[in-house]
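Structure at a glance
Below, each chain spelled out in residue letters.
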Amino acid sequence: MPSAHHPRRAPAPAPDPLGEALFAAGFALELFDALPDVVFFAKDVEGRYRAVNETLARRLGRRTKGDLLGRTTRDLFPAPLGERYLAQDLAVCRTGRPVEDLLELHLYPDGHEGWCVTTKVALRGADGAIVGLAGTSRDVRPPDYALEYVRQLFAAGCIQSG
């Protein structure tokens, strides 16, 4: 029973292995902010953004990186892209299998289309359990004739996003 001499202690905060990993990688987060053609993100096992770079915030038309934190791709991207990206995230967190060099369609804030190559990997805590994922999407800038050809392939279902 607490008294003036023995106050009740607040419970210790729950461990946050993903937060610890992101804190340890702080130098890399600053580096990703300097890359205008690379999107970087880290997410928890439910697909919520925990860390992003400036490029992702700008691409989504947001003023700050903090505007994205705690939200999922479903909240931020138009359908069906947001749902596809979230399904990828949840699959990586569920299975531990990475997404490697996947060609994807993305949209810029002004509405024009672009292509990127995406990689996503599971992040594990000290005990080996998956605590989230990290990923990058690198812009692909093919010549105009190649971009039109890829659009045709995508429209015909030969290339899938997600």
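The residue numbers shown here count from 1 along each chain, following its written sequence. With pLDDT at 70 or above as the cut-off, local features in this predicted model cover only qualifying residues; side-chain atom pairs require 80 or more to be listed or tallied, and sums for whole chains, interfaces and linings still use all residues. As a convention, hydrogens and water are excluded, and side-chain values are obtained from all of the structure's heavy atoms.

Counting from the N terminus, the helices are DSSP H or I runs at least four residues long and the strands are E runs at least two residues long. Check the secondary structure of the protein chain and you find six helices and five strands. Going from the N terminus to the C terminus, the protein chain shows its helices and strands as α-α-β-β-α-α-α-β-β-β-α. When each of the 162 residues of the protein chain is scored for burial, the buried share is 37%. Carbon together with sulfur atoms contributes 57% to the accessible area of the protein chain, which is approximately 9900 Å² in total. When accessible area is computed with a 1.4 Å probe and restricted to protein chains, residues below 20% of their type maximum are described as buried, those above 50% as exposed, and intermediate ones as partly exposed. Each accessible area is a Shrake-Rupley estimate made with a 1.4 Å probe; only the visible protein chains count as cover when residues are assessed.

Whether two strands pair depends on DSSP finding at least two bridges between them. Here strand β1 (residues 38-44) pairs with strand β2 (residues 49-52) via three bridges, running antiparallel. Paired with Ala 42 across the two strands is Ala 51, which belongs to β2. Joining the antiparallel neighbours β1 and β2 is a turn of four residues, in which Gly 47 adopts a positive phi near 85°.

Here we take up the side chain of His 106. Structurally, His 106 is set in strand β3 (residues 99-107). Excluding its chain neighbours within four sequence positions, the residues that come into contact with His 106 are Arg 59, Tyr 85, His 112, Glu 113, Gly 114, Trp 115, Cys 116 and Asp 139. Throughout, a contact is declared for two residues whenever any of their heavy atoms are within 4.5 Å.

Attention now moves to helix α5 (residues 81-95). Residue count minus one, scaled by 1.5 Å, sets the expected span of a helix. For α5, spanning 15 residues, the distance from its first C-alpha to its last is 21 Å, which sits close to the expected 21 Å at 1.5 Å a residue. Every buried residue of α5 is accounted for by Leu 81, Gly 82, Tyr 85, Leu 86, Gln 88, Asp 89, Val 92 and Cys 93. Down the axis of α5, the buried side of the element spans an arc of 155°, and every buried residue falls inside it. Looking at the buried positions of α5, the neighbouring elements they touch are β1, α4 (73-76), β3, β4 (113-124) and β5 (130-140). A positive phi of about 80° marks Gly 96, the residue just after α5. The directions from the helix axis to the C-beta atoms are what the arc is built from.

Moving on to the confidence of the model for the protein chain. What pLDDT reports is the predictor's confidence in each residue, on a scale of 0 through 100. Here the protein chain averages 83 in pLDDT, while 78% of its residues score no lower than 70. By mean pLDDT, the top-scoring element of the protein chain is α5 (95), and the lowest-scoring one is helix α1 (residues 17-24) (62).

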